[in-house]
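Overview (structure and organization)
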Amino acid sequence: MNFLTKEFVWRARETLGLESTDPHKPKKEEIIAYMGQMEIAATLGAVIVKTKAELDTITNKPDYTPAIVGADSNQALSGYYQWLGDTWNYVRDLADSITRLIDIGGTGNAITAKLRLGVSLSAVEFAVFVPAHNNTGAVKITVENVEKPIRNGLGNELSEDDLQAGYPAMVAVFPGHDGYVLLNPANVEAVVLAAKQAAIAARNQAQTAQDKAEEALSQLEAAVEQASQLALERFNKVYLGSFNVDPSEDNQGGPLKNGMLFFHEVEEKMKAYSENSVGWILATPDTSDFFQKSNNLSDLPSKSAARSNLGLGSVAVLNKISGGNLNNRTIPGSKLQEDTVTDAEINSAILNILKNRPQVVALYSDIGDDAAYNLTRSGATFTFGTAQPDTSYVVQAIAQRTVQGNLSYVNLLGMNAKSKSSFSLSGLRLNSSGDISGLSGKFDVIVYRVAN
């Protein structure tokens, strides 16, 4: 419906609130419609106001009294209300879902438009308008300061001349589409193009052929309306709309046919009908058939089948591989440097164990008649024949023979001045108690490290 207010019906200027427009002469049809609203309100005991703020000032009404807020500047507040529980309760939107856009402006690719009075943008599902210019590519339309793209039924940007000046365009809102869907591209409407050419030819005739030109233009308008109606009817035969369950018949109660479409509101998927299949099938791929990269292939239905298809077999899941797991010449000799591997049966796990065994880098013995390897002694200081790469080496006495008084066995206390080139022992300590100052006795000293 178009909600009318007295301010609009008896406005001073042609455009309400715009003083630069021509003076407005009240129209009989608007006055009749406005008085009709008043009659309905009086019959129902309804309250009709312009804004929600006005409605909130009206109280103490009988329960279930209806009310209409018809032209609030905030479209979301316009609609039907009911007095219940000492307050006005919102019932539903006032606006039509099918409307005509007005005040078309802007450019061919950036259109501006407005809604008719009393229509809410949030409720519009189908709209018609007449473009002021041909488009040259992708199109966006701004309706009541809300900008959205216009695309074709496949979701692609519009092509050149899909919208043409003077030819009505029909757009619809569908779930899952970002913006409006153009239902009747002008450049594929053969009847529109033929009528346009006839009108242009007639308009170029001499002044004496003016009547024919006007007649051709009238035929053009009729053809456009007929083509638009035909396109809408054809579209409605293919797209059935939104349903909670799979439809069993078309919107006219007839049998379903191949290629019919509908949107499943519960599954939130577009479905197509197939006479040769199982009925309604998904029109787009099911995302359950896709792999999620975050799962790292854990969502494969059969990992063993996948390995077999890739030719990996059981080798891919073994912790270690023996000679029996490989066919002869599995790894060509060209892939290996000659003599890199000398034992076909070698086990890398054993190599890893051996790598971490202690490695002797130096030793010194007083007990063994001054036996030494990479290590010399001067008093308490031991010097490496070849300096170590770092100071993370370990020093340990593996044999000791020291006699002092009645004591014959002591342990090393530790080291001082440890460096890459040398280290010093700090003295001796009794197993039980007491100290022996200085270094004395005979020792077997070993230096080793463990590989990282």
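Just so you know, these numbers come straight off a predicted model, no measurement behind them.

A separate point is the overall build of the chain. Of regular secondary structure, the chain possesses seven helices and 27 strands. Per-residue burial over the chain gives 31% buried out of 452 residues. Contacts spanning at least 24 positions in sequence make up 48% of the contacts within the chain whose residues lie at least 6 apart. Total accessible area on the chain is roughly 28,800 Å²; 51% of this is exposed by carbon and sulfur atoms.

Let us now look at the sheet that holds strand β2 (residues 65-69). Read from one edge to the other, the open sheet built from four strands follows the order β1-β2-β3-β4, with strand pairing classed as mixed. This sheet does not close on itself; its edge strands, each paired only once, are β1 (47-49) and β4 (88-93). Taking each pair of neighbouring strands and ignoring which way they run, the sheet shows an average axis angle of 25°. Bridge analysis of β1 against β2 gives three bridges, and the strand direction is parallel. When the sheet's bridge partners are listed, Val 47 is paired in β2 with Ala 67.

What follows deals with the pattern of salt bridges. All told, the structure shown has nine salt bridges when counted by the stated rule. Of the charged contacts in the structure, one is a salt bridge between Asp 56 and Lys 52, with a shortest N-O distance of 2.7 Å. Of this pair, Asp 56 and Lys 52 both sit in helix α3 (residues 52-56), separated by four residues, roughly a single helical turn. Residue classification places Asp 56 among the partly exposed residues on the basis of a relative accessible area of 42%. Among the ionic pairs, Glu 157 bridges to Arg 151, the shortest N-O distance being 3.9 Å. Of the residues examined, Glu 157 reaches a relative accessible area of 42% and is grouped as partly exposed. One network of salt bridges, in which partners are shared, links Arg 11, Glu 14 and Glu 30.

Turning our eyes to something else, we now look at empty space enclosed by the protein. The full count for this structure, using the stated rule, is two cavities of 30 Å³ or more. Its boundaries defined by the atoms lining it, the second largest cavity holds a volume of some 30 Å³. If you go around the second largest cavity, the residues you meet are Leu 101, Leu 121, Val 124, Ala 127, Val 143 and Tyr 180. Each residue belonging to the lining of the second largest cavity can be placed in one class, and the counts come to six nonpolar, no polar and no charged.

Moving on to the pairing of strand β9 (residues 139-143). The alternating pattern of β9 places Val 139, Ile 141 and Val 143 on a buried face and Lys 140 and Thr 142 on a face that is not buried. By the bridge criterion, five bridges tie β9 to strand β10 (residues 146-151) in an arrangement that is antiparallel. By the bridge assignment, Val 143 is partnered in β10 with Val 146. Count of turn residues in the β9/β10 antiparallel hairpin: two residues, of which Glu 144 carries a positive phi of about 50°.

The biggest cluster of nonpolar side chains holds 19 residues, and the ones touching the most others in it are Leu 101, Phe 129, Ile 141, Val 143 and Ile 150. Of all the secondary-structure elements, those providing two or more residues to this core are β7 (110-114), β8 (126-129), β9, β11 (169-172) and β12 (180-182). No other element matches the three residues that β9 contributes to this core. Each residue touching Ile 150, except ones within four places of it in the same chain, is listed here: Phe 129, Val 139, Ile 141, Leu 158, Val 171, Tyr 180 and Leu 182.

Our focus in this paragraph is the environment of Val 119. For Val 119, the position within the fold is in the loop between β7 and β8. In this structure Val 119 comes out as buried when scored by relative accessible area, which is 6%.

Here four strands make up an open sheet; going across it, the order is β13-β14-β15-β16 and the pairing mixed. In this open sheet, the two strands that pair with only one neighbour each are β13 (239-243) and β16 (279-282). Here the strands of the sheet are splayed against their neighbours by 30° on average, with no regard to which way each runs. Bridge analysis of β13 against strand β14 (residues 261-264) gives three bridges, and the strand direction is parallel. In the strand pairing of β14, Phe 243 is matched with His 264. Taken strand by strand, helix α5 (residues 210-238) contacts β13 and β14, and its axis lies near 50° from that of β13.

With that out of the way, let us pick up a nonpolar patch on the surface. On the surface, a cluster of nonpolar side chains totalling about 280 Å² of accessible area is made up of Trp 10, Met 35 and Met 38. Looking at the secondary structure, you find Met 38 in helix α2 (residues 28-44). In this structure Met 38 comes out as partly exposed when scored by relative accessible area, which is 30%.

When glycine is set aside, most residues are seen to have a negative phi, and most peptide bonds are trans. In this model, Asp 86 sits at a positive phi of 60°, which is unusual for a non-glycine residue. Examined against the element boundaries, Asp 86 turns out to sit in the loop between β3 (79-83) and β4. Residue Asp 86 is classed as exposed on the basis of its relative accessible area, which comes to 68%. At Glu 268, a position not held by glycine, the phi torsion is positive, near 55°. Of note, Glu 268 is situated in the loop between β14 and β15 (269-274). Residue classification places Glu 268 among the exposed residues on the basis of a relative accessible area of 62%.

Our focus in this paragraph is the confidence of the model for the chain. Reading predicted coordinates in detail is not appropriate for stretches of low pLDDT. Averaged over all residues, the pLDDT of the chain is 77; the fraction at 70 or higher stands at 75%. Low confidence marks residues 335-341, where pLDDT is under 50. Its contacts with residues over four positions away, or in another chain, come to one contact. This stretch, residues 406-410, has a pLDDT under 50; its non-local contacts, to residues over four places away or in other chains, come to 13 contacts.

Turning next to the packing of aromatic side chains. Applying the stated criterion to the full structure yields eleven aromatic pairs. Note on Phe 243 and Phe 262: the rings are 5.9 Å apart at their centroids and 65° apart in plane angle, and the pair reads as edge-to-face. In this pair, Phe 243 is assigned in strand β13 and Phe 262 in strand β14, connecting sequence segments 19 residues apart. Residue classification places Phe 243 among the partly exposed residues on the basis of a relative accessible area of 27%. Aromatic ring contacts, followed pair by pair, group Tyr 364, Phe 382, Phe 384, Tyr 393 and Phe 423 into a single cluster. Positioned over the ring face of Tyr 180 is Lys 148, at 5.7 Å from the centre of the ring. The positively charged end of Lys 418 is found above the aromatic ring belonging to Tyr 393, 4.7 Å away from the centroid.

Cut-off values and rules
Residues numbered from 1 in each chain as written. Predicted model: local features only at pLDDT ≥ 70, side-chain atom pairs only at ≥ 80, totals over all residues. Heavy atoms only, no water. Helix = DSSP H or I, 4+ residues; strand = E, 2+ residues; numbered from the N terminus. Buried < 20%, exposed > 50% of the residue type's maximum accessible area, 1.4 Å probe, protein only. Contact = heavy atoms within 4.5 Å. Areas by Shrake-Rupley, 256 points an atom, 1.4 Å probe, with all protein chains shown as cover. Pairing = 2+ DSSP bridges. Axes fitted to C-alpha atoms, helices over the stretch in contact; angles between N-to-C directions. Salt bridge = Lys/Arg side-chain N within 4 Å of Asp/Glu carboxyl O. 1 Å grid on protein atoms, 1.4 Å probe; cavity = no way out; pocket = protein on both sides within 12 Å on 5 of 7 lines; lining within 4 Å. Points joined across faces, edges and corners; volume = space filled by probe spheres on them. Nonpolar A, V, L, I, M, F, W, Y, C, P; charged D, E, K, R; others polar. Core = buried A, V, L, I, M, F, W, Y, C linked by side-chain atoms within 4.5 Å. Patch = residues over 30% accessible without salt bridge, like charges linked within 9 Å, V, L, I, M, F, W, Y side chains within 5 Å. pLDDT = per-residue confidence, 0-100. Phe/Tyr/Trp six-rings, centres within 6.5 Å; stacked < 30°, edge-to-face > 60°. Lys NZ or Arg CZ within 6 Å of the ring centre and 35° of its normal.

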